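Examining the three-dimensional arrangement
If you want the building blocks of each chain, they are given just below.
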2 protein chains.
Amino acid sequence: MKSPSDTEAAPTKLALRPDDGRLLRGQRSRAAILKAARELFAERGFDRATLRTIAERAGIGASSIYRHFQSKEELLIAELLDLQEESWRQFRRDDQRKAPTRERVSRFLDCQHALLAEDSDLTLIALRATTRPGARVAAQVLSLNDRTIGLLMEIMQMGRMQANLKRSVDVLEAARVVFNITQGARIPWANGMTDAESCRKAIQTGVDLLFGGLEKS
Amino acid sequence: MKSPSDTEAAPTKLALRPDDGRLLRGQRSRAAILKAARELFAERGFDRATLRTIAERAGIGASSIYRHFQSKEELLIAELLDLQEESWRQFRRDDQRKAPTRERVSRFLDCQHALLAEDSDLTLIALRATTRPGARVAAQVLSLNDRTIGLLMEIMQMGRMQANLKRSVDVLEAARVVFNITQGARIPWANGMTDAESCRKAIQTGVDLLFGGLEKS
DNA sequence: TCATGAACGCGAACAAAGTCGCATAATGAA
DNA sequence: TTCATTATGCGACTTTGTTCGCGTTCATGA
């Protein structure tokens with residue numbers, strides 16, 4: 001399910017149309033574009049899939065894509081949003097809220113990894129999008145990241161309450177660190193320097209390190 | 001018929017020319033390009049600085065740039081390489097090898113931050129470069145990252161030896177985590193979501209968390 | 001019925017990175 | 001000198017994401 005723009009900073013739209021009308025045509029097009037894009041991204045990878053090719057397969061003109069998306073990257077990001085939702089759903093489905101925090105975090109990351117590991121372009125383009133300050137994709141990815149961090153924070157906050165973690169821990173910062181560990185570990189993987197499994201292990205090792213700490217106590 | 005000497009041992013140059021000749025012209029051009037590029041990047045930012053503008057200011061043709069660099073991004077990366085060296089030099093200049101590991105790491109990161117904080121494009125484009133698998137820029141940045149990680153590892157290894165850190169710590173992984181913390185913290189900053197000082201604090205907080213660990217002992 | 005306005009679609013055009021084939025210049029060998 | 005070689009330079013061209021202006025469709029309100 002998606003409702004990406006709840007409040008559109010609305011300049012007060014003068015006349016809202018009911019959900020039916022010529023919007024249907026638009027929705028069909030949007031779906032066709034996304035389908036074609038996902039296929040072509042899977043076949044050739046993001047950079048080799050041309051907007052003109054995508055448009056052709058979707059049966060519309062290339063420039064029409066911009067009626068529905070603001071940039072090529074947004075085509076992939078739309079997919080990433082869906083995938084993240086899915087991974088969170090999977091996590092929640094059999095999450096043991098009373099399990100040790102470290103374990104819960106670990107499972108959360110594994111769920112995410114399992115879905116991302118199927119398509120390195122998702123990671124890559126999301127990262128690239130964050131190097132476009134001001135663009136909508138950048139904001140989208142950044143806000144997606146914030147949601148991920150929020151979920152991690154939630155888990156860790158619960159652990160802190162249950163005296164599972166140190167009282168002094170700043171859960172927001174801790175969640176950020178965990179998130180950064182995953183992001184960092186995925187870069188070499190997305191560049192083909194390591195395989196998905198090494199990436200997963202790197203993430204888990206990093207999390208273990210963070211939980212245990214480095215200093216002698 | 002032709003190019004019989006194109007065996008596979010590429011590194012062996014078939015016909016070495018002395019260091020002087022028309023190479024001088026090339027070196028001058030290369031320097032002029034870099035100078036023009038740095039100026040224009042500073043004036044307008046990376047994305048708004050056009051290769052043709054850079055070429056014009058450097059007094060050569062746009063396509064000639066590709067005799068010296070493989071991509072626009074490489075123009076910035078060259079600068080980043082210099083800057084990193086400089087930051088390491090600064091760190092070493094008054095590094096106290098006997099100081100607590102946490103402090104040394106902290107200082108290392110501050111040195112790095114001080115130089116990077118002056119130009120967010122450096123961070124941004126370096127990150128973007130890592131989303132171009134196969135490109136030379138990607139390899140350059142990745143290898144630069146590895147060097148940074150190596151230095152961090154060196155510091156932490158020393159700490160481990162001096163019983164400053166837990167024996168069980170995997171210093172390579174720990175160094176990676178520290179590095180990832182810095183990378184992750186810089187993304188919101190480069191996107192204008194936070195200022196340089198918040199970025200610095202985020203890094204330091206993250207490192208503190210990592211050193212102390214999350215779990216109750 | 002007809003004007004209105006909004007969402008959609010399209011081809012042409014633009015911008016800018018990157019490629020190609022050829023020209024030039026400098027060097028050493030014959 | 002002359003020739004071969006090689007680094008450098010360049011303008012025309014290609015590619016590709018994106019913009020623009022104009023046309024089309026269609027629900028609504030008078």
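Residues numbered from 1 in each chain as written. Chains lettered and ligands numbered in written order. Predicted model: local features only at pLDDT ≥ 70, side-chain atom pairs only at ≥ 80, totals over all residues. Heavy atoms only, no water.

1. What to know about the protein's contact with DNA strand D
The full set close to DNA strand D counts 25 residues, and A:Tyr66, B:Ser29, B:Gly61, B:Ser63 and B:Arg67 are the nearest of them. Across the atoms of DNA strand D situated within 4 Å of the protein, the share located in sugar and phosphate is 54%. A distance of 2.6 Å separates a phosphate oxygen of DNA strand D from a polar side-chain atom of A:Tyr66. The side chain of B:Arg67 places a nitrogen or oxygen atom 2.5 Å from a base oxygen of DNA strand D. Only α2 (51-58) of chain A together with α1 (23-44) of chain B provide two or more residues apiece to the surface near DNA strand D. (Near = heavy atom within 4 Å. Polar contact = N/O pair within 3.5 Å; in protein donor to acceptor, adjacent residues only side chain to side chain. Helix = DSSP H or I, 4+ residues; strand = E, 2+ residues; numbered from the N terminus.)

2. A few points about the domain arrangement of chain A
All names here are of chain A. With domains assigned, chain A is organised as domain 1 (23-67) and domain 2 (72-212). If you average the C-alpha positions of domain 1 and of domain 2, the two centres end up 28 Å apart. Between domain 1 and domain 2, a total of about 990 Å² is buried, with carbon and sulfur atoms accounting for 64% of that surface. The tally of links between domain 1 and domain 2 comes to three salt bridges. The shortest N-O distance in the salt bridge between arginine 38 and glutamate 79 comes to 3.8 Å. One can count five residue pairs in polar contact (both at pLDDT 80 or more) joining domain 1 with domain 2. (Domains from an automatic or database assignment. Buried area = accessible area lost by both parts, 1.4 Å probe. Salt bridge = Lys/Arg side-chain N within 4 Å of Asp/Glu carboxyl O.)

3. Remarks on helix α5 (residues 120-129) of chain B
Residue and element names in this part refer to chain B. With nine of 10 residues buried, α5 lies mostly within the body of the structure. For α5, the full list of buried residues reads Asp121, Leu122, Thr123, Leu124, Ile125, Ala126, Leu127, Arg128 and Ala129. Looking at where α5 begins, the residue whose side-chain oxygen comes 3.0 Å from the main-chain nitrogen of aspartate 121 is aspartate 119. (Buried < 20%, exposed > 50% of the residue type's maximum accessible area, 1.4 Å probe, protein only.)

4. Points about the nonpolar core
As a rule of thumb, soluble globular proteins bury nonpolar side chains together. If you look at the biggest cluster of nonpolar residues, it comprises 118 residues, and the most contacted ones within it are A:Met156, B:Ile54 and B:Met156. When residues no more than four places from it in sequence are discounted, the contact partners of A:Met156 are A:Thr101, A:Val105, A:Leu165, A:Val171, A:Ala174, A:Ala175, A:Val178, A:Phe211 and B:Leu214. (Core = buried A, V, L, I, M, F, W, Y, C linked by side-chain atoms within 4.5 Å. Contact = heavy atoms within 4.5 Å.)

5. What about the side chain of A:Glu79?
Residue and element names in this part refer to chain A. Summarising the element assignment, glutamate 79 is placed in helix α3 (residues 72-93). Using a relative accessible area of 16% as the deciding quantity, one classes glutamate 79 as buried. Not counting the four nearest positions on each side in its chain, glutamate 79 is found in contact with Arg38 and Leu122.

6. A few points about the interface of chain A and chain B
Residue-level contacts link 39 residues of chain A with 39 residues of chain B. Summing both partners gives a buried area of about 3800 Å² for chain A against chain B, and 62% of it is carried by carbon and sulfur. Along the contact surface separating chain A from chain B lie one salt bridge. One salt bridge connects B:Arg102 with A:Glu215, and the closest N-O pair in it is separated by 2.7 Å. At the junction of chain A and chain B, the tally comes to 10 residue pairs in polar contact (both at pLDDT 80 or more). Take the side of chain A that touches chain B: its biggest share by element is nine residues, from helix α7 (residues 171-190) of chain A. Residue classes in the side of chain A that touches chain B are distributed as 21 nonpolar, 10 polar and eight charged. (Nonpolar A, V, L, I, M, F, W, Y, C, P; charged D, E, K, R; others polar.)

7. Notes on the packing of helix α3 (residues 72-93) of chain B against helix α4 (residues 101-116) of chain B
Residues and elements named next belong to chain B. In contact at an axis separation of 9 Å, α3 and α4 are set at 140° when each is read in the N-to-C sense. On the basis of their axis angle, the class for α3 and α4 is oblique. In the packing of α3 onto α4, the handedness of the crossing is right-handed. Mapping the contact onto sequence places Leu80, Leu83, Gln84, Glu86, Ser87, Trp88, Gln90 and Phe91 in α3 and Arg104, Arg107, Phe108, Cys111, Gln112, Leu115 and Leu116 in α4. Its residues assigned to classes, the contact of α3 with α4 comprises eight nonpolar, four polar and three charged. (Axes fitted to C-alpha atoms, helices over the stretch in contact; angles between N-to-C directions. Parallel < 35°, antiparallel > 145°, perpendicular 65-115°, else oblique. Left-handed = near helix turned anticlockwise from the far one by under 90°.)

8. Quick notes on the side chain of B:Ser29
With respect to the helices and strands, the residue B:Ser29 is situated in helix α1. In contact with B:Ser29, other than residues within four places in its own chain, are B:Ile60 and B:His68.

9. A look at the confidence of the model for chain A
Residues at a pLDDT of 70 or more form 89% of chain A, whose mean pLDDT is 89. Below pLDDT 50 for its whole length, residues 1-16 of chain A participates in zero contacts with residues either more than four positions away or in separate chains. (pLDDT = per-residue confidence, 0-100.)

10. A closer look at α7(A)
Residue pairs three or four apart in sequence face the same way in an α-helix, which turns once every 3.6 residues. All names here are of chain A. Taking 1.5 Å of rise per residue, 20 residues should cover 28 Å, and α7 covers 29 Å from first to last C-alpha, within 8% of that figure. The buried fraction of α7 is high, at 16 of 20 residues. Of the residues that open α7, the one with a side-chain oxygen 3.0 Å from the backbone nitrogen of leucine 172 is aspartate 170. Backbone geometry just after α7 places glycine 192 at a positive phi near 75°. (Expected span 1.5 Å × (residues − 1).)

11. Some words on unusual backbone geometry
All names here are of chain A. A positive phi angle, near 60°, is found at alanine 163, a position not held by glycine. With respect to the helices, strands and loops of the structure, alanine 163 is situated in the loop between α6 (136-161) and α7. Looking at alanine 163, the relative accessible area reads 43%, which means it is partly exposed.

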